[in-house]
Amino acid sequence: QVQLVESGGGLVQPGGSLRLSCATSGSIDDFNLMGWHRQAPGKQRELVATITTSSITMYTDSAKGRFTISRDNAKNTIYLQMNSLIPEDTAVYYCKATGSGSNGLYSYWGQGTQVTVSS
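Everything in this summary refers to the structure shown in the same document. Every value quoted in this text rests on a predicted model; they were computed, and no experiment measured them. (Residues numbered from 1 in each chain as written. Predicted model: local features only at pLDDT ≥ 70, side-chain atom pairs only at ≥ 80, totals over all residues. Heavy atoms only, no water.)

Topic: the overall build of the protein
When helices and strands are counted, the protein shows zero helices and 11 strands. The order of helices and strands in the protein, counted from the N terminus, is β-β-β-β-β-β-β-β-β-β-β. Taken against the 2.2 N^0.38 rule, which gives 14 Å for 119 residues, the C-alpha radius of gyration of the protein at 14 Å falls within 12% of a compact globule. The buried share among the 119 residues of the protein stands at 43%. (Helix = DSSP H or I, 4+ residues; strand = E, 2+ residues; numbered from the N terminus. Rg over C-alpha atoms; globule rule 2.2 N^0.38 Å. Buried < 20%, exposed > 50% of the residue type's maximum accessible area, 1.4 Å probe, protein only.)

As structure tokens, then:
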């Protein structure tokens, strides 16, 4: 069983920055896709950004231009650099790892880290 552990969340003022980390117990190269999702209170979980094994990235509109997803294969860790944070970014941020096998796709989730943007 692979474990994903997020860290780096906290309270930040509007306009500030945070860097989230997601460390895996296995090799991130084993997964076709790694990504960050978030869930705000009373809302459904939504995708924020993804990165492939080839470091091809994708961002949703809410993240474009402000967030950067990256990976460090040697540390089996992915990151989410978040700049110019706004109150609407307040949410629990989750790391997700997706792989493929003989039985199809499979995924693992981390436990989440809280990000609060408030003055």
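Here the narrative resumes, following the displayed structure.
Looking at the sheet that holds strand β7 (residues 67–72)
Adjacent strands of a sheet form backbone hydrogen bonds with each other and so pair up, either parallel or antiparallel. Ordered by their spatial adjacency, four strands build an open sheet running β1-β3-β8-β7, and the pairing between neighbours is antiparallel. Among the strands making up the open sheet, the edge pair consists of β1 (4–7) and β7. Recorded for the sheet is a direction-independent mean angle of 15° between the axes of neighbouring strands. (Pairing = 2+ DSSP bridges. Axes fitted to C-alpha atoms, helices over the stretch in contact; angles between N-to-C directions.)

Considering the packing of aromatic side chains
One pass over the full model with this rule turns up four aromatic pairs. Seen from their ring centres, Tyr94 and Trp109 are 6.4 Å apart, and the 85° between their planes marks the pair as edge-to-face. On the criterion of sequence distance, the pair formed by Tyr94 in strand β9 (residues 91–101) and Trp109 in strand β10 (residues 104–109) is long-range, its members being 15 residues apart. Among the residues examined, Tyr94 registers a relative accessible area of 13% and is labelled buried. Taken together, Phe31, Tyr106 and Tyr108 form an aromatic cluster joined through their ring pairs. Directly above the ring of Tyr79 sits Arg19, whose terminal nitrogen or CZ lies 4.2 Å from the centroid. Sitting over the ring of Trp109, Arg45 keeps its end group 4.6 Å from the ring centre. (Phe/Tyr/Trp six-rings, centres within 6.5 Å; stacked < 30°, edge-to-face > 60°. Lys NZ or Arg CZ within 6 Å of the ring centre and 35° of its normal.)

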